[in-house]
Amino acid sequence: MRTFTKLAAGAALIAVTAGAAKAQEGVEVLHWWTSGGEAAALNVLKENLQKEGISWQDMPVAGGSGVQAMTALRARVTSGDPPTAVQMLGFDIKDWAEMGVLGNLNDLAEEQGWDEVIPAALQEFSKFDGDWIAAPVNVHSTNWLWLNKAALDKAGGEAPKNMDELFALLDKFKEQGITPLAHGGQPWQDGTLWESVVLSVGGMDFYKKAVIEADPEALSSDTMRQVFDDMSKLRTYFDPNFSGRDWNLSTALVIEGKAGAQQMGDWSKGEWLRADKKPGEDFVCIRFPGTQGSVLFNSDQFVMFDVGEDKRDAQLKMAGAVEDPAFQIAFNTVKGSVPARTDVPDTEFDDCGKKGMKDLAEAAASGNLAGSLAHGHAQPSAVKEAVFDVVTQHLNGQITTDQALERLPQAVASAQ
């Protein structure tokens, strides 16, 4: 990303301005919300804009965490034809902002009072050099465990509170003849599981030291050894077909009772809701065992690119619609996330949504809120990908725990 030259960025800006006249009216939106629950949530925004006379041109790029989407975006910007708005996460936003190709939302933000209602942790990514460049849609958190309630009841009905209790529950699921832990073998999914185990084994102080600060001693410590050993044990509870599987297909296994549990962010809930399942009746949502009281977050934001004046009005209407409290409720109740605004009541949210909002508020107040590495809110992309490489190789048995402890700090240092 950072190898883009200023010349290329400037050329892109010139081309955007020159090409504005031929651009389609309305907004063109690049995103990776392609699963059923995600698409249903996005339709809420599409329909709201259509009521205002704003047309919507979809540019979906499948692939959780947005890695493929960012590849597609680089190609569009390099050719001088960026979309109007792009779904983006964390440090990717900072990278694009540094290129000088993003729009300015200050007037709209001031008019709607964003500074007062959007948490500082999100503003860290929504602003660049003090200017608003993105409209946050939601707050997701990654350290969740989703359980099939029938399978849990058959196993005794007790939700696990630590790693030992989790392993015991997974053993009971295995005895039931179902896949104990549904997992999709993609690097970002491996990283999502790994960061929850890091938080569970080491606590928030260790997570911040190892992941946020990338401390070499923490990355090669005995605590990290336990993390990798636990990851190896969790691997024994996967089904044989996990490699390369999309996250929502793993969710479907738990919904259908073919698997007992899935570790995944709260976007997973959107799939349960789309299947007409209810929390407390059909599924159980808990913080990943050992992490209650702490929250790892990521926030989907729509980043606005610098566009011609003929598209500017539609772009501002889209940004304003994203921050409308009614939309924040309608979208997040479908998506599984919680609102990006702190002034939205929880009355229309289900039990999992209420828990997510309560957990987020408590974690923010106690200092136990931290960015998700796997979803771009703890480290820049290069470091994230370096961690993914080590974690995925280890999870697939290509390197030992000793090798992982040696390679992890080296990979992180090389990527910084």
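Here, the structure is the one placed above.
Predicted, not measured: the structure shown is a model, and the values here were computed from it.

Draft legend 1. Focus on helix H2 (residues 36-51). With 16 residues, H2 extends 23 Å between its outermost C-alpha atoms, agreeing within 8% with the 22 Å of an ideal straight helix rising 1.5 Å per residue. For H2, the complete set of buried residues consists of Gly 37, Glu 38, Ala 41, Leu 42, Val 44, Leu 45, Lys 46 and Leu 49. Directly after H2, the chain includes Gly 53, whose backbone phi takes a positive value near 80°.

Draft legend 2. Expanded view of the nonpolar core. Of all hydrophobic cores here, the largest spans 64 residues; its most connected members are Trp 96, Phe 302, Phe 305 and Met 318. Residues Leu 152, Phe 167, Met 224 and Met 231 belong to the second largest nonpolar core, which totals 52 residues.

Draft legend 3. Fine view of the sheet that holds strand E6 (residues 134-136). With mixed pairing, the five strands of this open sheet are ordered in space as E2-E1-E3-E13-E6. Edge strands, defined here as strands with exactly one partner in the open sheet, are strand E2 (56-60) and E6. Strand-to-strand twist across the sheet, computed as the mean angle between neighbouring axes with direction ignored, equals 25°. Against the sheet, H2 touches strand E1 (27-31), E2 and strand E13 (301-304), its axis set at about 160° to E2. Here helix H4 (residues 90-98) sits on the sheet and contacts strand E3 (85-88) and E13; the angle it forms with E3, its principal contact strand, is near 140°.

Draft legend 4. A look at the side chain of Thr 251. Position of Thr 251 relative to the elements: it lies in helix H13 (residues 247-255). By relative accessible area, which is 0% here, Thr 251 ends up buried. What Thr 251 contacts, discounting residues up to four positions off in sequence, is Gln 262, Ser 268, Glu 271 and Trp 272.

Draft legend 5. Quick peek at the pairing of strand E11 (residues 283-287). Counting buried positions along E11 gives five out of five residues, so the element sits mostly inside the fold. Every second residue of E11 is oriented toward a common face, with Phe 283, Cys 285 and Arg 287 on one face and Val 284 and Ile 286 on the other, all of them buried. With five bridges connecting them, strand E8 (residues 144-148) and E11 associate as antiparallel partners. Paired with Asn 148 across the bridge in E11 is Phe 283.

Draft legend 6. Looking closely at the pairing of strand E10 (residues 259-263). Here E10 lies mainly inside the structure; five of its five residues are buried. Of the strand pairs in this sheet, E8 and E10 are connected by three bridges, and their pairing is antiparallel. For Leu 145, the partnering residue across the bridge sits in E10 and is Gln 263. With three bridges connecting them, strand E9 (residues 179-182) and E10 associate as parallel partners. Bridging from a neighbouring strand, Thr 179 pairs with Ala 259 of E10.

Draft legend 7. Spotlight on helix H17 (residues 351-366). Its 16 residues place the ends of H17 22 Å apart at the C-alpha level, agreeing with the 22 Å of an ideal helix rising 1.5 Å per residue. When H17 is considered as a whole, its buried residues turn out to be Cys 352, Gly 353, Gly 356, Met 357, Asp 359, Leu 360 and Ala 363. In a view along the axis of H17, the buried residues occupy a sector of 165°, so they form one face of it. When the buried face of H17 is taken as reference, the exposed residues oriented beyond 90 degrees from it are Asp 351, Lys 358 and Ala 365. Where H17 begins, the capping side chain belongs to Asp 350, and its oxygen is found 3.1 Å from the backbone nitrogen of Cys 352. Downstream of H17 by one or two residues, Gly 367 has phi in the positive range, about 80°.

Draft legend 8. Structural detail: empty space enclosed by the protein. The tally for this structure, following the rule as stated, stands at four cavities of 30 Å³ or more. As for the second largest cavity, its lining consists of Trp 194, Ala 210, Val 211, Ala 214, Leu 219, Leu 373, Gln 379, Val 383, Val 387 and Val 412. For the lining of the second largest cavity, the secondary structure elements donating two or more residues are helix H10 (187-212) and helix H18 (381-395). The dominant element in the lining of the second largest cavity, judged by the number of residues it contributes, is H10, at three residues. Here the residues of the lining of the second largest cavity are counted per class, giving nine nonpolar, one polar and no charged.

Draft legend 9. The arrangement of the sheet that holds strand E12 (residues 295-298) in detail. The strand order E14-E7-E12-E15 describes an open sheet built from four strands, whose pairing is mixed. For this open sheet the edge positions go to strand E14 (338-339) and strand E15 (369-371), each flanked by a neighbour on one side alone. For E12 and E15, the ladder comprises three bridges, and the chain directions are parallel. When the sheet's bridge partners are listed, Leu 296 is paired in E15 with Ala 370.

Calculation criteria
Residues numbered from 1 in each chain as written. Predicted model: local features only at pLDDT ≥ 70, side-chain atom pairs only at ≥ 80, totals over all residues. Heavy atoms only, no water. Helix = DSSP H or I, 4+ residues; strand = E, 2+ residues; numbered from the N terminus. Expected span 1.5 Å × (residues − 1). Buried < 20%, exposed > 50% of the residue type's maximum accessible area, 1.4 Å probe, protein only. Core = buried A, V, L, I, M, F, W, Y, C linked by side-chain atoms within 4.5 Å. Pairing = 2+ DSSP bridges. Axes fitted to C-alpha atoms, helices over the stretch in contact; angles between N-to-C directions. Contact = heavy atoms within 4.5 Å. Arc of directions from axis to C-beta. Polar contact = N/O pair within 3.5 Å; in protein donor to acceptor, adjacent residues only side chain to side chain. 1 Å grid on protein atoms, 1.4 Å probe; cavity = no way out; pocket = protein on both sides within 12 Å on 5 of 7 lines; lining within 4 Å. Points joined across faces, edges and corners; volume = space filled by probe spheres on them. Nonpolar A, V, L, I, M, F, W, Y, C, P; charged D, E, K, R; others polar.

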